[in-house]
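# Topology and contacts: notes
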Amino acid sequence: MHNDALPPGRYPLGDIVASLLADPTVGDSITLYGPAEPGLRDTTYLVDLSQEEDDDGLTPAARALGWEHAISGQLLTDVLLNLWEQGAPTDPASTAAAATHYLQHDTFLSWDQPPRLRSLAEIAADAERFRPARVPTVSRVLSHRLHKELGAEAAEALLALHGRAVSEDVVVNVADWTAWNQYGFADELGADAPYRIFAMSGAGDAWAVKTDDEGLTVVFLDVSGEVTELGVDVPALLRIADVWRVLEYREDIPDEWFHAAVQPLVPGQAAEWPWPYL
């Protein structure tokens, strides 16, 4: 099997990590080899095709270098995705430490620090990693309208994340931007209520932009029709949802860690900010 994304050769661990994060399937057919030592380090490794291994688990190229089997591409990918799910760093040093922990203990490393507040660009770039949802396609007309009404940053992020669960409670569906009257919210709040829905939760709650607010802030619409004003814009809400995703995955994280992570984005004290799921 030929691997165009990461062909056989010697690469710094950082380049290998970047390739696996860009396309996790790259790891399915490769193995990393390096000098005989316990665990992984942030150094250069030989990447070779797993199918070329002999009975000792070595390829001809690895044997010629006198190098040993370091880790399979599949396992390294699993370690990386586990770090991502935990909101932990995936830089080469952190990845090497997590991979070494797995190799020595046969279990994933538990990240015992608050989740990192990621940039909107990082989140949008990760769109393919979020759980997909079945949503209508977005027309050119709606795309243009989103850019006009929200500005480029918010519109492009929403379009990149359309049909993706940034968290299980924030599933982006910008096709709902013009579908207000199709929801029961219109019956409770009026057909002309100044809200444009851009995401839903699995429980039927909605996230919407308040269009009569100059700051275009987000409101949370409880399935019963109760409105909670959040005082943050769409880019901030998406970044907060990304932090919340980590808490959904890691149930042992204290609420204080969520508050600390989102404090730079919310008005007032984060502990008093009305996130609806705490």
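Whatever comes next refers back to the structure up there.
Summary of the structure given here. (Residues numbered from 1 in each chain as written. Predicted model: local features only at pLDDT ≥ 70, side-chain atom pairs only at ≥ 80, totals over all residues. Heavy atoms only, no water.)

### Quick notes on the environment of Ala127
Relative to the helices and strands, Ala127 is located in the loop between helix H5 (120-125) and strand S5 (131-132). Through-space distance from the C-alpha of Ala127 to that of His162 is 8.6 Å; in sequence the pair is 35 residues apart. Excluding its chain neighbours within four sequence positions, the residues that come into contact with Ala127 are Ala160, Leu161 and Arg164. (Helix = DSSP H or I, 4+ residues; strand = E, 2+ residues; numbered from the N terminus. Contact = heavy atoms within 4.5 Å.)

### Points about the pairing of strand S2 (residues 30-34)
In terms of residue burial, S2 counts as a mostly covered element, since 5 of its 5 residues are buried. As defined by bridge partners, S2 adjoins strand S4 (residues 68-72) across 4 bridges and the pair is classed as antiparallel. The residue of S4 that forms the bridge with Tyr33 is His69. (Buried < 20%, exposed > 50% of the residue type's maximum accessible area, 1.4 Å probe, protein only. Pairing = 2+ DSSP bridges.)

### Looking at unusual backbone geometry
With a phi angle near 55°, Asp106 is a residue other than glycine that sits in the positive phi range. For Asp106, the position within the fold is in the loop between helix H4 (92-105) and H5. Unlike most non-glycine residues, Leu216 shows phi in positive territory, near 50°. With respect to the helices, strands and loops of the structure, Leu216 is situated in the loop between strand S9 (206-210) and strand S10 (218-221).

### Remarks on the side chain of Ser94
Within the secondary structure, Ser94 is located in helix H4. On the basis of relative accessible area, Ser94 is assigned to the buried category, the value being 19%. Beyond its immediate chain neighbours, meaning those up to four positions away, Ser94 contacts Leu83 and Pro89.

### Focus on the packing of helix H9 (residues 234-249) against helix H10 (residues 255-262)
Where H9 meets H10, the axes come as close as 10 Å, and the angle between the chain directions of the two elements is 160°. Overall, the two elements H9 and H10 adopt an arrangement that is roughly antiparallel. Two packed elements cross with a definite hand, and for H9 against H10 that hand is right-handed. Of the residues in H10, those touching H9 at Ile240, Val243, Trp244 and Leu247 are Phe258, Ala261 and Val262. (Axes fitted to C-alpha atoms, helices over the stretch in contact; angles between N-to-C directions. Parallel < 35°, antiparallel > 145°, perpendicular 65-115°, else oblique. Left-handed = near helix turned anticlockwise from the far one by under 90°.)

### Describing the packing of aromatic side chains
As enumerated under the stated definition, the model contains 15 aromatic pairs in all. Between Phe258 and Trp275 the ring centres are 5.7 Å apart and the planes differ by 50°, which places this aromatic pair in the tilted class. One end of the pair, Phe258, is in helix H10; the other, Trp275, is in the segment after H10, and 17 residues separate them in sequence. With respect to burial, Phe258 and Trp275 carry one shared label: buried. (Phe/Tyr/Trp six-rings, centres within 6.5 Å; stacked < 30°, edge-to-face > 60°.)

### Some points on the sheet that holds strand S8 (residues 195-200)
Hydrogen bonding along the main chain pairs the strands of a sheet, whether they run parallel or antiparallel. On the basis of which strands lie adjacent, the open sheet formed by 7 strands has the order S5-S6-S7-S8-S9-S10-S11 and antiparallel pairing. Looking along the sheet, the strands with just one partner apiece sit at the ends: S5 and strand S11 (227-229). Here H9 sits on the sheet and contacts strand S6 (164-167), strand S7 (170-172), S8, S9 and S10; the angle it forms with S6, its principal contact strand, is near 75°.

### A closer look at the pattern of salt bridges
Taken as a whole and judged by the stated rule, the model has 13 salt bridges. For Arg63, the salt bridge goes to Asp56, with nearest N and O atoms at 3.3 Å. A relative accessible area of 42% places Arg63 in the partly exposed class. Of the charged contacts in the structure, one is a salt bridge between Arg129 and Asp126, with a shortest N-O distance of 2.2 Å. Take Arg129: its relative accessible area is 21%, and that puts it in the partly exposed class. For Asp126, a relative accessible area of 10% puts it in the buried group. (Salt bridge = Lys/Arg side-chain N within 4 Å of Asp/Glu carboxyl O.)

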